[in-house]
Amino acid sequence: MPGVLPDGETVPVDGSLPATATTAVGARGFGVYVHVPFCASRCGYCDFNTYTASELGGGASREGYADTVLAELALAARVLGDSPPPRVDTVFVGGGTPTLLPADDLARILDGIDRTWGLTADAEVTTEANPESVTPESLKLLRAAGYTRISLGMQSASPGVLAILDRKHSAGRATAAALEARDAGFEHVNLDLIYGTPGERTEDFAASLEQVVAAGVDHVSAYALIVEDGTRLAARMRRGELAYPSDDVAADRYLAAEAALDAAGLSWYEVSNWARTDDARCRHNLLYWTGADWWGLGPGAHSHVGGVRWWNVKHPTAYAQRLAAGASPGLAREVLTGDEAHMEDVMLRLRLASGLPLAVLDATGRAGAERALADGLLAAEEYAAGRAVLTLRGRLLADAVVRDLLP
């Protein structure tokens, strides 16, 4: 969760939503995101809304965090009132490092969501984790509590790359944790990779891919390194200690990931995500990408219900204080216009392997799609069937294609 929040209109103290937003809650699916803002240490590239113990100050702690989240959940139930979602399809606990909380606290949060709105029989329940923050015992407790999926931050198999990123786990710990998660009974296991770190060699990334494949996970996410202002990594680059990432290197890494993962039986379903089967795809992220509804619990968390998007205050202390006073922790919100909703729909759905129906594009967008087709950025067969689907080359230039499809 990025640290910089946008501007917007004030959220009512009671968190109430416009009546138009609650007429069909969950019609396209409903998920719950839980943000856990705690980290043992701060990675040099991280711009997420996270805090180490020394950064928290007074008024916020891990020990009371589950109760604070449950207080926001109670507020959410009051806000949705007579228009609750039919059931919760997905839960995603992200961070930060959620597994710094005791497994019992993560279990209590999940139980609270189930008691409030009910989980579907096949609900996908994910927690993120740093590899060093889990053990075989804690993984078994999480699985017994109802967590079905785990996403482990591997980033790289190279000790040198991990050092540049300020990651604390050792090379090999992430894949070991993935095997432990499988042994604990998790149905789906994801490993996250970052490519294009300064100093990363071609053989370093190849070794990372080899370890991922050998671990037998059914989902892989791979993202190019983004250098965010205000991070230690950005400061080191400004001082000339490290080179800035290269777009050409990032493209080469992406092609290497596609080749290795495809050969291992994992297919792309979103530009940065590969899954072994349809069931292994992250259903929670698909809710985001297809415009469904979700409630975000926690400091800095974003929510979206019926075309209204809002975000909570960032600092855990301010978040806890607002809830203790019986007020919404919402900092600001925006009601999406038709044009804004269309822009997001094009931007997100084009990144999916299922693509975007050409019928949703206006004349400008259709002209842009024809140019992208002629340039080999859209697949001809799918285009003939009425859909804009990125080719492999198109995935490398996805942002440019999106810009060409918008007014």
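All values reported here derive from a predicted model rather than from experimental measurement. (Residues numbered from 1 in each chain as written. Predicted model: local features only at pLDDT ≥ 70, side-chain atom pairs only at ≥ 80, totals over all residues. Heavy atoms only, no water.)

### Quick notes on the overall build of the chain
Across its full length, the chain holds 16 helices and 14 strands. Relative to the compact-globule value of 22 Å for 407 residues, the chain shows a C-alpha radius of gyration of 21 Å, a close match. Over its C-alpha atoms, taken along the principal directions, the chain stretches across nearly 55 × 50 × 45 Å. Here the chain, with 407 residues, has 53% of them falling under the buried criterion. Residue pairs in contact within the chain that sit at least 24 positions apart in sequence constitute 73% of those at least 6 positions apart. With the model as given, the accessible surface of the chain reaches about 17000 Å², and the carbon-plus-sulfur share is 53%. For the chain, the separation between the mean place of its 35 positive charges and that of its 53 negative charges on side chains is 2 Å. (Helix = DSSP H or I, 4+ residues; strand = E, 2+ residues; numbered from the N terminus. Rg over C-alpha atoms; globule rule 2.2 N^0.38 Å. Buried < 20%, exposed > 50% of the residue type's maximum accessible area, 1.4 Å probe, protein only. Contact = heavy atoms within 4.5 Å. Areas by Shrake-Rupley, 256 points an atom, 1.4 Å probe, with all protein chains shown as cover. Lys, Arg positive; Asp, Glu negative; His and termini not counted. Charge placed at Lys NZ, Arg CZ, Asp CG, Glu CD.)

### Some thoughts on the packing of helix H13 (residues 363-374) against helix H16 (residues 398-405)
Two elements in contact, H13 and H16, have axes whose closest approach is 7 Å; the angle formed by their N-to-C orientations is 145°. Counted together, Thr 364, Gly 365, Gly 368, Ala 369, Arg 371 and Ala 372 of H13 and Val 401, Asp 404 and Leu 405 of H16 form the full contact between these two elements. Class assignment for the residues of the contact of H13 with H16 results in 4 nonpolar, 3 polar and 2 charged. (Axes fitted to C-alpha atoms, helices over the stretch in contact; angles between N-to-C directions. Nonpolar A, V, L, I, M, F, W, Y, C, P; charged D, E, K, R; others polar.)

### Re the side chain of Ser 158
Along the chain, Ser 158 turns up in the loop between strand S4 (149-155) and helix H5 (159-164). Leaving out residues up to four positions away in the same chain, Ser 158 has contacts with Asp 204 and Ser 208.

### Things to note about the pattern of salt bridges
One side chain can pair with another of opposite charge once the charged atoms of both are near each other. Within this structure, the stated rule accounts for 20 salt bridges. Its salt-bridge partner being Arg 143, residue Glu 187 comes within 3.3 Å of it at the nearest N-O pair. One end of the pair, Glu 187, is in the loop between helix H6 (173-184) and strand S5 (188-195); the other, Arg 143, is in helix H4 (residues 136-145), with 44 residues separating them in the sequence. A relative accessible area of 22% places Arg 143 in the partly exposed class. Across the salt bridge formed by Arg 371 and Asp 404, the nearest N and O atoms sit 2.9 Å from each other. In this pair, Arg 371 sits in helix H13 while Asp 404 sits in helix H16, placing the two residues 33 residues apart along the sequence. Taking the relative accessible area as the measure of exposure, Arg 371 reaches 43% and is therefore partly exposed. Each of Asp 67, Asp 105 and Arg 108 takes part in a single network of salt bridges with overlapping partners. (Salt bridge = Lys/Arg side-chain N within 4 Å of Asp/Glu carboxyl O.)

### Observations regarding the side chain of Asp 218
The topology assignment puts Asp 218 in the loop between helix H7 (202-215) and strand S6 (219-224). One polar contact links Asp 218 to Arg 182, side chain to side chain, over a distance of 3.4 Å. A polar contact is formed between the side chain of Asp 218 and the side chain of His 188, at a distance of 2.7 Å. Ignoring anything within four residues of it in the chain, the contact list for Asp 218 reads Arg 182, Glu 187, His 188, Val 189, Leu 266, Trp 274, Ala 275, Arg 276 and Ala 280. (Polar contact = N/O pair within 3.5 Å; in protein donor to acceptor, adjacent residues only side chain to side chain.)

### Quick look at the packing of aromatic side chains
A complete count under the given rule lists 8 aromatic pairs for this structure. For the pair Tyr 33 and Phe 92, a centre-to-centre distance of 6.3 Å together with 25° between the ring planes defines the contact as stacked. On the criterion of sequence distance, the pair formed by Tyr 33 in strand S1 (residues 30-36) and Phe 92 in strand S2 (residues 88-95) is long-range, its members being 59 residues apart. Phe 92 matches Tyr 33 in its accessibility class, with the two residues each being buried. Taking the centre distance of 5.6 Å and the plane angle of 45° together, the rings of Tyr 254 and Trp 274 count as tilted. With a gap of 20 residues between them, Tyr 254 in helix H9 (residues 247-263) and Trp 274 in strand S8 (residues 273-275) connect regions that are remote in the sequence. Take Tyr 254: its relative accessible area is 3%, and that puts it in the buried class. Judged by relative accessible area, which is 0%, Trp 274 ranks as buried. (Phe/Tyr/Trp six-rings, centres within 6.5 Å; stacked < 30°, edge-to-face > 60°.)

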